[in-house]
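Okay, here's what each chain looks like letter by letter:
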Amino acid sequence: MSATLISSPVAAQDEGPIKVGILHSLSGTMAISETTLRDVMLMLIEQQNEAGGILGRQIEPVVVDIASDWPLAAELARRLIEVDEVDAVFGCWTSVCRKSVLPVFEELNSLLFYPVQYEGEESQRNVFYTGASPNQQAIPAVDYLMEEEGVERWVLAGTDYVYPQTTNLILEQYLLDAGVAEDDIMINYTPFGHSDWQTIVSDIVAFGSEGPKTAVVSTINGDANVPFYRELANQGVAAEDIPVVAFSVGEEELSGFDTAPLVGHLAAWNYFMSVETPENEEFIAAWHDYIGSEDRVTNDPMEAHYIGFNMWVEAVEAAGTTDADAVIDAIVGVQVPNLTGGIAEMLPNHHITKPVLIGEIQDDGQFFVVWETEDLVPGDAWSDFLPESAVLEADWTDPINCGNYNTETETCGGSEAVAE
């Protein structure tokens, strides 16, 4: 990872360390996914400190546990900024977490790097979206299933909150526009931590037995995935019959599964641990060395933190300060290596460029890449497939400087989402 570490010979102008907040769930339903994101941030900070820190100053991590509690996340975000005086925060997984903390970052003019795929329909000046937007994950996954697997019927299964709801709103419209009949789309939502999947999986099996090829597009989050996949196996749902493509199941989640019955099911991400590049090999080796175990896996949101952290370091060095306004101005256009052999660029809409990969679950808990985009895909803040969003664009540079710019009326409507 030395290629992206920045060593500064400049003498520190300010005294003391530069503080970075780490805002993740270390307990509760989302701990299965988020604990490893805390760990990788601590590794990245340690490595940067070994390379000289930033602007000649060391970086001090400040870790909090938001405990899968979204109001608590907002309280702790405020404490990180006001009491601990952090200069940037890396955190959240769910969109309800991000939306809960977003007003705090806007009010206090601080920086949040958000590392997980999300539903789009948002661009905020103080947030950098280093995970995928729907055009970098959900839409390509559906295209793959249509074109390569011949899928004609669709089960959109998600956890009952904003990310699955809005993503499925986009996907439903996309499918209807592609000629899919309403009766060939089944939508189901379950609460966080849902454990009794017998009836729902039975409904999926019945829906898929009506003739045309059926697939499940899963936006199920957190530890509910464990009993969901277990029930699929219990009811004999094989990938060749009803494939599941997941947007929130990666290597970390699979490490807790008996993966043998899941072989052949799919996930859509922008990174897999199995990708063979020098950058990824170096990252994995550094991770295993840091964590002290070769059994610990890497995953897509970890790569997003890797990219986001290195972009922040670049921007701070370029600005010569950790001041939020200066970093916001400096970070647009910053380019750093990703782990799949390409370059990630921060766009004016505060999203980044990414490859899109479809991976097939193997019996060792890794993914075999069965499809990927030829080029990097720029992240869209606003969906082209929702009429109210298609006319909007986000650009946080002059002269637009707006997260919700209406290209028809040429007016700024603000930064909040229009689709919930």
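The text that follows walks through the structure, step by step, so that each part is easy to find. This one's a predicted model, so the numbers in the text were calculated from it and none came from an experiment. Within every chain, residues take consecutive numbers counted from 1 along the sequence as written. Local features in this predicted model are restricted to residues of pLDDT 70 or higher, and side-chain atom pairs are both shown and tallied only at a pLDDT of 80 or more, whereas totals for entire chains, interfaces and linings draw on every residue. Excluding hydrogens and water, the side-chain figures rest on all heavy atoms present in the structure.

1. So, the overall build of the chain
To keep it simple, the criterion reads: Counting from the N terminus, the helices are DSSP H or I runs at least four residues long and the strands are E runs at least two residues long. Here the globule rule is a power law, 2.2 Å times the number of residues to the power 0.38, and the radius of gyration is based on C-alpha atoms. Under the scheme applied here, a residue whose accessible area is under 20% of the maximum for its type counts as buried, over 50% as exposed, and between as partly exposed, the area being computed with a 1.4 Å probe on protein chains only. The criterion used for residue contact is that any of the two residues' heavy atoms lie within 4.5 Å. Only the protein chains shown count as cover for residues, and the accessible areas themselves come from Shrake-Rupley with a 1.4 Å probe. Charge convention: Lys and Arg are scored as positive, Asp and Glu as negative, and His as well as the terminal groups of each chain are ignored. Just so you know, the charge point we use is NZ for Lys, CZ for Arg, CG for Asp and CD for Glu.
When helices and strands are counted, the chain shows twelve helices and 19 strands. The globule rule puts the C-alpha radius of gyration for 420 residues at 22 Å, and the 21 Å found for the chain is close to it. Taken over the C-alpha atoms alone, the chain extends approximately 70 × 55 × 40 Å along its principal axes. In the chain, which comprises 420 residues, the proportion classed as buried is 58%. Across the chain, contacts joining residues at least 24 apart in sequence account for 68% of those joining residues at least 6 apart. For the chain, the exposed surface amounts to about 15,300 Å²; the carbon and sulfur share of it is 45%. Side-chain charges of the chain comprise 13 positive and 72 negative groups, with the mean position of each set lying 8 Å from the other.

2. Remarks on the packing of aromatic side chains
Heads up, the rule is: Any two of the Phe, Tyr and Trp rings considered here, Trp counted by its six-membered ring, make a pair once their centres fall within 6.5 Å; the pair's planes then place it as stacked at under 30 degrees, edge-to-face at over 60, or tilted in between. We call a charge positioned over a ring when the NZ of a Lys or the CZ of an Arg lies within 6 Å of the ring centre and within 35 degrees of the ring normal.
Summed over all chains, the structure comprises 16 aromatic pairs. Measuring from ring centre to ring centre gives 4.8 Å for Y174 and F385, while their planes differ by 70°; the resulting arrangement is edge-to-face. Separated by 211 residues along the polypeptide, Y174 in helix α5 (residues 162-177) and F385 in the loop between β16 (377-378) and α12 (387-390) bring together distant segments of the chain. Connected via pairs of aromatic rings, a cluster forms that spans F90, F113, F128, F309 and W312. Note that R98 overlies the ring of Y114, its terminal NZ or CZ placed 4.9 Å from the centroid. One cation-aromatic arrangement involves R153 over F207; the distance from NZ or CZ to the ring centre is 3.8 Å.

3. Comments concerning the pairing of strand β6 (residues 153-159)
Spelled out, the test is: Note on pairing: two strands pair once DSSP finds at least 2 bridges between them.
Taken across its seven residues, β6 has seven buried, putting it largely inside the fold. Neither face of β6 is open: one carries R153, V155, A157 and T159, the other W154, L156 and G158, and all of them are buried. Taken together, the six bridges between β6 and strand β8 (residues 214-219) define a ladder with parallel strand orientation. Bridge assignment links V155 to a residue of β8, and that residue is V216. Pairing geometry for β6 and strand β7 (residues 185-190), over six bridges, is parallel.

4. Some points on the pairing of strand β3 (residues 88-91)
Covered by surrounding structure in β3 are A88 and F90 together with V89 and G91, the residues of both alternating faces. One ladder, built from four bridges, connects strand β1 (residues 18-24) with β3; its direction is parallel. Bridge pairing in β3 links V20 to A88. In this sheet, strand β4 (residues 112-114) lies alongside β3 in parallel orientation, the contact comprising two bridges. Bridging from a neighbouring strand, F90 pairs with F113 of β4.

5. Brief notes about the pattern of salt bridges
Counted only if it meets this: Salt-bridge detection follows one rule: a side-chain nitrogen of Lys or Arg within 4 Å of a carboxyl oxygen of Asp or Glu.
Inspection of every chain in the model, using the stated rule, returns ten salt bridges. The salt bridge involving E119 is made with R98; its shortest N-O contact spans 2.9 Å. Taken together, the positions of E119 in the loop between β4 and β5 (127-129) and R98 in helix α3 (residues 95-108) put the pair 21 residues apart, joining distant regions of the chain. Using a relative accessible area of 1% as the deciding quantity, one classes E119 as buried. Taking the shortest distance from any N to any O, the salt bridge between R98 and E122 comes out at 2.8 Å. Of this pair, R98 sits in helix α3 while E122 sits in the loop between β4 and β5, and the two are 24 residues apart along the sequence. Neither R98 nor E122 differs from the other in exposure class; each is buried.

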